[in-house]
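Analysis of the macromolecular model
In case you want the letters, here they are:
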Amino acid sequence: APAFAESHLPIVDKPLELTIHMHWPRAQGYGPGGDTNTLYPVEEVARERTNVHLIDKTSGRNTKDNYEAMNLLLATGDLPDIVGGNRIQQPVNQYGPEGAFLPLNDLVNEHAPNIKKFWDEHPGLKEAISAYDGNYYYIPYLPDGKYGRAWFIRQDWLDKLGLEQPDNVEELHDVMVAFRDQDPNGNGLKDEVPYFARDWEEVLRPLTLWDARTSGSDTYHDFYVTPAGAIAHPYAQEAYRDAMANLAQWYEEGLIDAEVFTRGSSSRDYLLGENLGGLTHDWFASTSGYNAALAEKIPGFNFIPFLPPKSAGGVRMEEHRRIPIKPDGWAITYTNEHPVETIKYFDYFFSEEGALLSNFGVEGKTWNMIDGEPVFTDEVLNSGTPVNSQMYLEGAQIYRGYPQDYRYEWQWTAEAARKGIELYDTEDLLVDQFLGVAFNQDEQAVYDKYWPSIQTYMLERQQAWILGSGDIKADWESYIATLEKMGYSKVIDVMNSAYTRQYG
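Thresholds, definitions, all that
- Residues numbered from 1 in each chain as written.
- Predicted model: local features only at pLDDT ≥ 70, side-chain atom pairs only at ≥ 80, totals over all residues.
- Heavy atoms only, no water.
- Buried < 20%, exposed > 50% of the residue type's maximum accessible area, 1.4 Å probe, protein only.
- Helix = DSSP H or I, 4+ residues; strand = E, 2+ residues; numbered from the N terminus.
- Pairing = 2+ DSSP bridges.
- 1 Å grid on protein atoms, 1.4 Å probe; cavity = no way out; pocket = protein on both sides within 12 Å on 5 of 7 lines; lining within 4 Å.
- Points joined across faces, edges and corners; volume = space filled by probe spheres on them.
- Nonpolar A, V, L, I, M, F, W, Y, C, P; charged D, E, K, R; others polar.
- Axes fitted to C-alpha atoms, helices over the stretch in contact; angles between N-to-C directions.
- Contact = heavy atoms within 4.5 Å.
- Phe/Tyr/Trp six-rings, centres within 6.5 Å; stacked < 30°, edge-to-face > 60°.
- Salt bridge = Lys/Arg side-chain N within 4 Å of Asp/Glu carboxyl O.
- Parallel < 35°, antiparallel > 145°, perpendicular 65-115°, else oblique.
- Left-handed = near helix turned anticlockwise from the far one by under 90°.
- Core = buried A, V, L, I, M, F, W, Y, C linked by side-chain atoms within 4.5 Å.

Time to look at the pairing of strand 14 (residues 373-376). Burial of strand 14 is one-sided: the residues P374 and F376 facing one way are buried, the residues E373 and V375 facing the other way are not. The antiparallel hairpin formed by strand 13 (residues 367-370) and strand 14 contains two residues in its connecting segment, where D371 sits at a positive phi of about 50°.

Pasting the structure below:
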């Protein structure tokens, strides 16, 4: 199929200008760093190859809040041809059926062979992005790769204390006690922090070691699909009650960072850099970079991935994984007078040539084809700036609808993380993900009425129990009764009705 699309370039004989709203965390506006007076290098090549020219028309350029930007855009009533960027799934699924965005099912089947081929090769994804009317209204950014976060441990501390990597939850507890009590950093102070987390939500991840769940997707606190195939919430299950009692005990024992809720995103830099942190659960690629970074400062420093410890029930599981579809991407508005040309343009980024362009940037500038593999130049790999940050300025890896290529990340993943990913591949660790549902208006109304306050209550209780105010086992019955009074069952009912409709 890719060859078919490329033989049909350019898409139009005369240049066709299409306006675009492109609002996402790295740039508010379609241009490098949001500078719309400069063309992305990727845009220059896409213009040459397709004859389609994207012209910036982004709303909310002075805010980083994508919801605010989307509301401003919809309020203008003067929509551009293409709406792209961060978290567009919810608005396009809400306003698409009402006529603001075009359904893409037939357009793709008739004019986008590469996107159609992608859907055929990845069953279930088209259903996952569909609105309640059965149509889909955007082409998503489609991440690649399996693993996201992993368990990391100070192997040099284990070696110093003569300990093995922990294989199950009991051994993990013993290792953390040893890190707390046996001065592995050798400074004579009891200042070690056995388990720390850069995102406070990762303090919850050990709940899986007692066979509870913390989320059903790569979004924290999400619903999950039970083994029986129904939607439930992890924080309303008895397994959560029992696991949380254990987690609170670990916190009380000083095995978890006392400041985990307040320390914030710099905790990993600080606790590793000061030789204080022992274990975490965090991203493979970024966490494996510390060995090189701290080699001179902390002799022997060795922070490496290890297999998730077996749970109390004997299950080894990695709950976090990359989600195959994001709510980011691009859509065609009802004001677009060239829907066929636009979907052909979207399809270009699913062709072999277009996918390379949207992943690696311009060939000969940031990468070269070597033995059939796209390889970044030495300048890109050794510039000292993260590769993804460089790509964002080229117009690659931005939140358009495109299939990400994991080869882009593997090239700048440190050896320790590569070995860790290979280690994780030796066992069947990953669990199926909940890919979300599209509500009809009645279901949406129920969800909006009850869920926000229920989740707030869940998280307030959760923090209180970890910090030791209240006892989850004693409080459990009143907690469940309160959830019920707040409408938990009503939310679960609409989640399940939407789920059944969408996935059959």
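The rest of the description comes next.
Quick look at the layout of surface pockets now. Within this model, the second largest pocket holds a volume of roughly 890 Å³. Those elements that provide at least two residues to the lining of the second largest pocket are helix 6 (113-121), helix 15 (352-360) and helix 22 (488-503). Of the residues belonging to the lining of the second largest pocket, the class tally is 18 nonpolar, eight polar and 10 charged.

Once that is clear, we can look at the sheet that holds strand 11 (residues 303-306). Reading across from one edge, 7-10-6-11 is the order of the four strands in this open sheet, with mixed pairing throughout. Each of the sheet's edge strands pairs with one partner strand only, and the pair in question is strand 7 (193-195) and strand 11. Neighbouring strand axes in the sheet, compared pairwise and without regard to direction, differ in orientation by 35° on average. Bridge count for strand 6 (residues 149-154) against strand 10 (residues 277-283) is five bridges, and the pairing is antiparallel. Bridging from a neighbouring strand, I153 pairs with L279 of strand 10. Strands strand 6 and strand 11 of the sheet are contacted by helix 19 (residues 415-424), whose axis makes an angle of about 15° with strand 11.

This part covers the packing of aromatic side chains. Overall, the coordinates contain 40 aromatic pairs when judged by the stated rule. On the basis of an interplanar angle of 40° and a centroid distance of 4.9 Å, the ring pair of W24 and Y399 is categorised as tilted. With W24 in strand 1 (residues 16-24) and Y399 in the loop between helix 17 (387-394) and helix 18 (407-410), this pair connects stretches of sequence that are 375 residues apart. Both residues of the pair, W24 and Y399, belong to the buried class. When the ring of Y147 is compared with that of F284, the centres are 6.2 Å apart and the planes differ by 70°; the resulting orientation is edge-to-face. Here Y147, found in the loop between strand 5 (139-140) and strand 6, pairs with F284, found in helix 12 (residues 284-287); they are 137 residues apart in sequence, far enough to count as distant. Since its relative accessible area comes to 3%, F284 is described here as buried.

Right, let's get into the pattern of salt bridges. One pass over the structure, following the stated rule, counts 32 salt bridges. Residue E202 pairs with R149 through a salt bridge whose shortest N-O separation is 3.1 Å. In this pair, E202 is assigned in the loop between strand 7 and strand 8 (224-225) and R149 in strand 6, connecting sequence segments 53 residues apart. Judged by its relative accessible area of 1%, E202 is buried. Linking E259 and R263 is a salt bridge whose minimum nitrogen-to-oxygen distance equals 3.6 Å. Residue E259 is classed as partly exposed on the basis of its relative accessible area, which comes to 41%.

Right, let's talk about helix 15 for a bit. Summarising burial for helix 15: seven of the nine residues are buried, a large majority. Within helix 15, the full set of buried residues consists of G354, A355, L356, L357, S358, N359 and F360. Downstream of helix 15 by a residue or two, G361 has a phi angle that is positive, lying close to 90°.

What follows concerns the packing of helix 10 (residues 238-252) against helix 21 (residues 472-485). Their axes nearest at 10 Å, the elements helix 10 and helix 21 cross at an angle of 150°. As the angle between them shows, helix 10 and helix 21 are arranged roughly antiparallel. Helix 21 is crossed by helix 10, and the crossing has right-handed handedness. Residue-level inspection shows E238, Y240, R241, D242, M244 and A245 of helix 10 in contact with helix 21, the latter providing I472, K473, W476 and Y479. Counted by class, the contact of helix 10 with helix 21 contains six nonpolar, no polar and four charged residues.

The subject of this paragraph is the nonpolar core. One broad rule of soluble globular proteins: the nonpolar side chains tend to lie buried together. Membership of the largest hydrophobic core comes to 77 residues, with the highest contact counts inside it found for Y240, M244, W250, M458 and Y479. Considering every element that reaches this core, the biggest residue donor is helix 20 (residues 441-467), with eight residues. Contacts of M458, omitting those with residues within four sequence positions, involve H233, Y235, A236, W451, Y479, L483 and Y488.

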